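Inside the fold
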Amino acid sequence: MQEKSLKVLEYEKILERLAACARSSLVKEEILKLRPYEDPTYIREELTYASSMLELVRKNGNIDLFGLYDLREIVAYIRKNGILEAKDLLKILDLLRVSDYLKDYGSNIEDPLMADIFDRISSNDFLKNEIDRSIINEEEISDNASATLRNIRRQKQRKEGDIRNKLNSYITNSKYADALQDNVVSVRDGRYVVPVKTNKRAVIGGIVHDKSASGNTLFIEPAAIVELNNQLRDLEIKEEDEIRKILDRLSRIAQAFDVELLENQKLIARIDFLQAKARFALENEYSLPIISDEKILDLKEARHPLLTGRVVPIDVRIGGDYRTLIITGPNTGGKTVSLKTVGLISAMAQTGLFIPAMEGSKLCIFDDIFLDIGDTQSIEMSLSTFSASLTNIVKIIKEATKDSLVLLDEIGSGTDPVEGAALAISILDFLTEKNVMTFATTHYSELKYYAVETEAVMNASVEFDVDSLSPTYKLEIGTPGKSNAFEISKRLGLPLQILKKAKSLIGEDTRNINKILAEIEIDKKKIEDKNRQIDEYKKEISSIRNELKEKSKKLDKKEEDIIREAEDKANAILDKANKKSQEMLKEAKKSRNANTSDIDRSLNKIRNKYKEGRIEREGASLKTKLSKNAPDKLKLGDFVLIAGLNEKAEVIGLPDKNGNIKVQMGILKMDSNIKNVTKIKGDNQTEKNITKVYNTKKAMHISPSLDLRGQRYDEAMRNLDKYLDDAMLAGLSKAKIIHGKGTGALIKGVGEILEGNKRIQDFRFGDDKEGGYGVTIVTFG
């Protein structure tokens, strides 16, 4: 699709607003590169996915995406056996964390499209935990990364202590008081030094590492600590080597998970993209467009998505009987906005986005959108408005196909009106014969006539309220706009003799046109009045029909009750007669001269007659009928109406291969079939319970450790208190509070909060493997 057309339609602004709804910079960048598609199958698929995501977000709330980076270069590097830096491994850790969160989020999704995306996300707890315990931040590797690293750092601490003790002997010794510039220990080039006055260099022998800007101070490494510094430097080199080994190990673990990392990135980006579409639609109350295979565009209550304030919606329909729409009306009446609305909404739909129109709006797919709506660039190139417009139209005539959309604003303007109108008619005739869907705006009356007389061309107009002398911005299909110049001039106070003279000067054709338009307007109002009457009659008929149905139901019920009562009475009489007959024949058998075989035959005849005569009802044995609206599928907790019984029941057993289900009516449980029930609305307690459990799990997504280092005391205490609440809710049994050693203020504050907290069963400082005095291990009660 032409970039020029998209620029004029301000398509980029739509993408910017859509990008603002995305969470990750990776997806924001991809959104800004979007362009309309031409494959209807792909567009429908994208809209289906976006619709599924919208329902998911509407039901469960926004998906809390975080930490999505572009890992393609990182994965390419580790595939070459490269060693990642801590910052890159932390990006992988963020991806693994959000993958776990989304995996958990997707565990209760019923929609198959969405469930498939979430199901395909991979998790790797081993890699995630290894990075988490090994790397503190981009600059710091944890002591827990390896036992060797922990041992080296302990040796370093002891060595640094030895050096400081040695240097303190210089600082505190009165012998060197006059030679020292300050009683402090400094570090230069990784070596511990003391500041010595330049003229006292001989007092403290050693290696000079630096000099002050004034030249008065030398930073000297005393000879007595040179070997200690060398030993410290050796330990630092060992530490660096060990850190490289740790980073290499983590990189190799990540390398083994390379395909999954890229696939996760792709799936998470897909989720972010679809959620951005859904949020964009929900925030702006957009609807899902219908992509039609027919060449038809039918927009209901369409609004230009970039206009602010009160926007008057328009109904636009083109296709079928006509493929060219000529819009007339006053300046600033909304003609150009109508063109841009059609063009921009078409581009949005072909990008797979929801549109600012009512549900049920239809669009077809265009191979391109051509437009002539002003051309600032051509005007700047010293072309007249007419020349610039005609240059565009020449290009359109050459390139537009039967599958294109053409938008022409004020066609034929900028030149002699008679020639301009003739040229406009000729251009529109050419596009109409070529079967190109075309929207054109004009002020020429000749084009109104052309639309009335030409097949496949339709008039439309933007309304103008003469009473308020302002446009209403409503678009009316089938009605050409009429000139209101005389009426407006009259209302604004132009003298009557001038108006009378002006009317006499216009041609007979123009007067006829205005007369025809006035008659059309009157006829249109009459038709609208009749349509309103018809709508009222329809409502009245519908009300009467519903009332008759209710009466019919009551009569049927009454008839059924009468029949049922009669049947019950007949059965009672039959039961009584049968019982009496049985008793009499049994009594006869006791007689000494009785023929028992004849009596037995009589008994059997009576029993058979009794069975034949007795009336059996289906309702008495809970037999059901076939439902007229049997559902395709059911899930646990759905409510149904059982045909024949008219009783509401809850589904407690899913359909088997034959469609047999189990339902419960109050305390009564029974078997039925999916063909015998109709699904109805009701409280789905199962779904509520699932949602409740899921929301709790979502709230409980919390790390087993809290890092307070670098935080102010008050901030750290607030974060600790909140974390303890979250950890309890999450059901953690243990947690690690990382506070460092520092001045001891944080250690004391953490201890005071934990000491008086009834939720805490026990707490202690960490051992050497856990971080020593720099962490506190908490056990929850």
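These numbers come from a predicted model, not from an experiment. (Residues numbered from 1 in each chain as written. Predicted model: local features only at pLDDT ≥ 70, side-chain atom pairs only at ≥ 80, totals over all residues. Heavy atoms only, no water.)

Quick notes on the pattern of salt bridges
The full count for this structure, using the stated rule, is 41 salt bridges. One salt bridge in this structure joins R72 and D70, with 2.6 Å as the shortest N-O distance. When salt bridges with common partners are traced through the structure, they connect D143, R153, K156 and E239 into a single cluster. (Salt bridge = Lys/Arg side-chain N within 4 Å of Asp/Glu carboxyl O.)

Examining the confidence of the model for the chain
Looking at the chain, pLDDT values average 82 and 83% of them are 70 or higher. When pLDDT is averaged over each helix and strand of the chain, the minimum, 42, is found for helix 13 (residues 376-380) and the maximum, 95, for helix 2 (residues 11-20). For residues 376-382, every residue scores under 50 in pLDDT, and the model assigns this stretch 3 contacts once sequence neighbours within four places are set aside. Segment residues 618-622 is flagged for pLDDT under 50; beyond a separation of four residues in sequence, or across chains, it makes 5 contacts in the model. (pLDDT = per-residue confidence, 0-100. Helix = DSSP H or I, 4+ residues; strand = E, 2+ residues; numbered from the N terminus. Contact = heavy atoms within 4.5 Å.)

Some details on the packing of aromatic side chains
All chains considered together, the criterion is met by 4 aromatic pairs. Taking the centre distance of 4.8 Å and the plane angle of 75° together, the rings of Y37 and Y42 count as edge-to-face. Among the residues examined, Y37 registers a relative accessible area of 25% and is labelled partly exposed. Overall, Y42 belongs to the partly exposed group, its relative accessible area being 32%. Put simply, the rings of Y101, Y105 and F118 pair up and form one aromatic cluster. The ring of F219 has R188 lying over it, and the distance from NZ or CZ to the ring centre is 4.0 Å. Cation over ring: R270 sits above Y49, and NZ or CZ is 5.0 Å from the ring centre. (Phe/Tyr/Trp six-rings, centres within 6.5 Å; stacked < 30°, edge-to-face > 60°. Buried < 20%, exposed > 50% of the residue type's maximum accessible area, 1.4 Å probe, protein only. Lys NZ or Arg CZ within 6 Å of the ring centre and 35° of its normal.)

Quick word on the pairing of strand 10 (residues 324-328)
Extensive coverage of strand 10 is indicated by the burial of 5 of its 5 residues. Strand direction decides the pairing type here: strand 10 and strand 14 (residues 437-442), joined by 5 bridges, are parallel. Its bridge partner being in strand 14, T328 is matched across the sheet by T442. (Pairing = 2+ DSSP bridges.)

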